[in-house]
Amino acid sequence: MDSSWGLSPSPCWVRQGRAGWSLASLTVSLNSELNFIASRQAGRSSGPGRAAQQAARRCRLAFDSLLRKIQGLPAALPSLSLELTVLYNSLLFAVSESDGLVEGEAERINHGLIRVLEACGVSGQDLSTEELWQKVLQDVTTEELCAPLHRLGALQGAVWLAANCLGSVTGLFRLLSDTKDPLPSAHGGENELLALLKAWSVPVEGDTSPLVVQSTKDLKEILWTSAAFLQGLQGLEAGNLPTALSLLQAATSGFCSKRVLAQIYTSIGCCTQQMGKPQTALQHLKRALQVDFQCLSALSQAALVYRQLGETDAELEALALLYKALETPAQETVSIDPCFLIRTELLVHTPALASLFSRSHPSEVKYLLAQRCLQAGRVAEAVEHYLDLLALLQEGPQHQVPLHGRSALPRIPEVFLEAASALEQLGRHQDAIAVCEEIISRTDDLIPETLRIELDSSAGGEAPGRAGSPSPGIPPQQRESLRCIVWRAAAYLHQGWAWTRLGESKEAITRFTRCLNVLLRVQLVSAASIHSSEEMAEALPEAKVLQKIRLLALLGRGSQFQELGRDKEALMNFQHSLQVCPGDPAATSHLLRTLWKLNRRQEAAALWQKLHADAAPADGQQEAPGRCVRCLVAAAITRPRHELQSCQVEALPIVPGVMSKAGEPPTRRISC
């Protein structure tokens, strides 16, 4: 049979005057034309996607033309079966062409129901859709209309299911099943819908019935699978894990494509992981990949489960496979029978589905590989991944990820800072300096000479802190400038320590001084009586980051002054560091040693006594006073966002995909 959907009018159509059309001849002609079109659709081959879409459009236009001809005459019982069938087929092709269900289809169903009531001499105006269905199914008892009405009812159920109107779907199938009382359900009372769908008996259609492009029986199976999948996802969102698991497991036995079946198994894996069953979760995720190897969300979830189990090798392998799959162009695969115009993919829409199966970006996966390698102590591998990522980000916007709360990739300058940390750990100090220089050069034009921030200002939007509490109202432009200052100062700080490890004390002092000069551009002012650094940090979370960077820069510069024998200048830096962070163990330790070295023994003894009195931590969390500053700063640069970058996460909030305002991109962004 010809693979195209030929839609030229059949020979039975002859142009006549409107008065010459009898209802009987019109019915015969339309029935013949309907059979002709539907048979051509049923015999088509599954060609390329574009050709299939064009063919579906031609079919829809043909059925729409037929429907207009029928509805151009008054509604009559003898032609209602044909009219409802044409309406059903037209709606199916409209859904296929738009790749989804829209409100216009529900209105066309309403119009069809009103015409049914008009043919029976009953008014259906001013009735809601639910009331229309109740009136039609109770008042229309003609046997010939039973099958067309049930068929249209199944389509109405699909429309409501796609809109998550489960109550309306349940009420409709009570009417179609002629069930007044709620049915018992194997999955609990709230899942009555599955029991109603299973109990619904599809009317048998005779051999002379007009052809349909998708049978009611197939649509029933798809509705059952979609209802189980949808309610399972809703249970997963609500945290009702046992019910969600039961419904999702039921959905695996339903009627769906391989793509949807893989999504169901992935959802089961996510559910069992949350239930504390990681091994069971891995089994279902592997099953999802066996069903559809292009279900990359299953691979992503498997990496999370391996991380939960502490299996670093398996986690990194899963992430590497995910990155390779994302980099490989997707192959065109047809796992959906082209005859099924209504499919589960079109009916299930929930936030959980969108979140769980959102496609990862290659840059995000590469970042996770780099970060996890660094955390696992695989510094050489981490450096290679970071350098690959930096190269990707510099290729252009196609490798940059839109800022949103779910992204694993932080802001680009933060990635550069983490890469510099990894390079320093590997001993590639010159490379670390070069990476930091990229941040410095890109932020040069983005930082004002003076950034004056009023802490009690109510202008601008509020940005949520890490715990969700709002920060003081700072205009987005000022907030972005503040972040640029933080990134630039952090880059100078990393360069200072890199030069320190290279034994270049003068270069290190220069970088630490530049770091401090950048921080001096920020002026935090308030009409209220905010004076101490703790109060400042509480009023503005970013102030905590500035405080930490200033402390590390002062300690670094002081230690390098000591290396050069300039103890008095070192003493001034250590004293200043204690003013920035009173009671800091590293600053106190260095100040104590410097005082002793300068023969200021009484001051050193007094400081030691105070330090000894305060050195008994109740919670075991305080660091020992003698811990060297190099160890302190090593903690800042050896782990992503631990001291410097971690305090950014806690305070800025500079989290992956940071926003100047919730749900809003930053005013200016560095394209490093």
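Scroll up to find the structure this text is about.
Residues numbered from 1 in each chain as written. Predicted model: local features only at pLDDT ≥ 70, side-chain atom pairs only at ≥ 80, totals over all residues. Heavy atoms only, no water.

Visitor: Teacher, can you tell me more about the overall build of the chain here?
Guide: Summing up its helical and strand segments, the chain has 29 helices and two strands in all. Within the chain, contacts between residues separated by at least 24 positions form 69% of all contacts whose residues are at least 6 apart in sequence. As displayed, the chain offers around 30,300 Å² of accessible surface, 51% of which is attributable to carbon and sulfur atoms. (Helix = DSSP H or I, 4+ residues; strand = E, 2+ residues; numbered from the N terminus. Contact = heavy atoms within 4.5 Å. Areas by Shrake-Rupley, 256 points an atom, 1.4 Å probe, with all protein chains shown as cover.)

Visitor: Teacher, can you tell me more about the packing of aromatic side chains here?
Guide: The geometry of two aromatic rings is summed up by the distance between their centres and the angle between their planes. Going through the model one piece at a time under the given rule, you end up with three aromatic pairs. When the centroid spacing of 5.4 Å and the interplanar angle of 70 degrees are considered together, the rings of W497 and F512 count as edge-to-face. Placement of the pair is W497 in helix α21 (residues 476-501) and F512 in helix α22 (residues 505-519), with a sequence separation of 15 residues. Judged by relative accessible area, W497 falls into the buried class, the value being 3%. Directly above the ring of Y88 sits R151, whose terminal nitrogen or CZ lies 5.6 Å from the centroid. Sitting over the face of the ring of Y323, K366 holds its NZ or CZ atom 4.4 Å from the ring centroid. (Phe/Tyr/Trp six-rings, centres within 6.5 Å; stacked < 30°, edge-to-face > 60°. Buried < 20%, exposed > 50% of the residue type's maximum accessible area, 1.4 Å probe, protein only. Lys NZ or Arg CZ within 6 Å of the ring centre and 35° of its normal.)

Visitor: I tried to follow α22 on my own but got confused; where do I start?
Guide: What sets the pattern is the α-helix's 3.6 residues per turn: residues three or four places apart point alike. End to end, α22 covers 21 Å across 15 residues, agreeing with the expected 21 Å (1.5 Å per residue, within 8%). Burial in α22 covers these residues: S505, A508, I509, R511, F512, C515, L516, V518 and L519. Contacts from the buried residues of α22 go to α21, β2 (522-525) and α24 (541-563). (Expected span 1.5 Å × (residues − 1).)

Visitor: I tried to follow the environment of L346 on my own but got confused; where do I start?
Guide: Position of L346 among the secondary structure elements: in helix α15 (residues 344-347). Given a relative accessible area of 4%, L346 falls into the buried group. Put simply, L346 and V95 are 251 residues apart on the chain and 8.6 Å apart in space, counted from C-alpha to C-alpha.

Visitor: Would you mind showing me how to read the pattern of salt bridges here?
Guide: Side-chain pairing between opposite charges can occur once the charged atoms of the two side chains come close. Applying the stated criterion across every chain yields a total of 18 salt bridges. Among the ionic pairs, E192 bridges to R174, the shortest N-O distance being 2.9 Å. A residue pair is termed long-range when its members are at least 10 positions apart, and E192 in helix α8 (residues 192-199) and R174 in helix α7 (residues 166-176) qualify at 18 residues. Here E507 makes a salt bridge to R511, at a shortest N to O gap of 2.9 Å. In this pair, E507 and R511 are both assigned in helix α22, four residues apart and thus about one turn of the helix distant. (Salt bridge = Lys/Arg side-chain N within 4 Å of Asp/Glu carboxyl O.)

Visitor: Looking at this model, I keep getting lost on the packing of helix α20 (residues 429-443) against α21. Mind explaining?
Guide: Helices that pack against each other are described as a pair by the angle of their axes relative to one another and the distance between those axes. Orientation of α20 relative to α21, taken along the N-to-C sense of each, is 155 degrees, at an axis distance of 9 Å. Here α20 lies roughly antiparallel to α21, going by the angle between them. Judged by the twist between their axes, the crossing of α20 over α21 is left-handed. In this structure, α20 uses H429, Q430, I433, C436, E437, I439, I440 and T443 to contact α21, whose residues at the interface are C484, W487, R488, A491, Y492, H494, Q495, A498, W499 and R501. Across the contact of α20 with α21, the residue classes break down as 10 nonpolar, five polar and three charged. (Axes fitted to C-alpha atoms, helices over the stretch in contact; angles between N-to-C directions. Parallel < 35°, antiparallel > 145°, perpendicular 65-115°, else oblique. Left-handed = near helix turned anticlockwise from the far one by under 90°. Nonpolar A, V, L, I, M, F, W, Y, C, P; charged D, E, K, R; others polar.)

Visitor: What is the right way to look at the side chain of D64 in this model?
Guide: Along the chain, the position of D64 falls in helix α2 (residues 49-71). Non-local contacts of D64, meaning those with residues more than four positions away in its chain, are made with S90 and R108.

Visitor: When you look at the nonpolar core in this model, what are you seeing that I'm missing?
Guide: Across soluble globular proteins, nonpolar side chains have a tendency to be buried as a group. Of all hydrophobic cores here, the largest spans 93 residues; its most connected members are L161, L223 and F229. Residues in contact with L161, not counting those within four places in the same chain, are L166, V169, L193, L223, S226, A227, L230 and L347. Listed in part, the 89 residues of the second largest apolar core include V365, F416, V522 and A604. (Core = buried A, V, L, I, M, F, W, Y, C linked by side-chain atoms within 4.5 Å.)

Visitor: What is the right way to look at helix α9 (residues 216-238) in this model?
Guide: Over its 23 residues, α9 runs 32 Å from end to end, which matches the ideal 33 Å to within 8%, given 1.5 Å per residue. Among the 23 residues that make up α9, 17 are buried, leaving the element largely enclosed by the rest of the structure. Immediately downstream of α9, the backbone of G239 shows phi near 80 degrees, a positive value.

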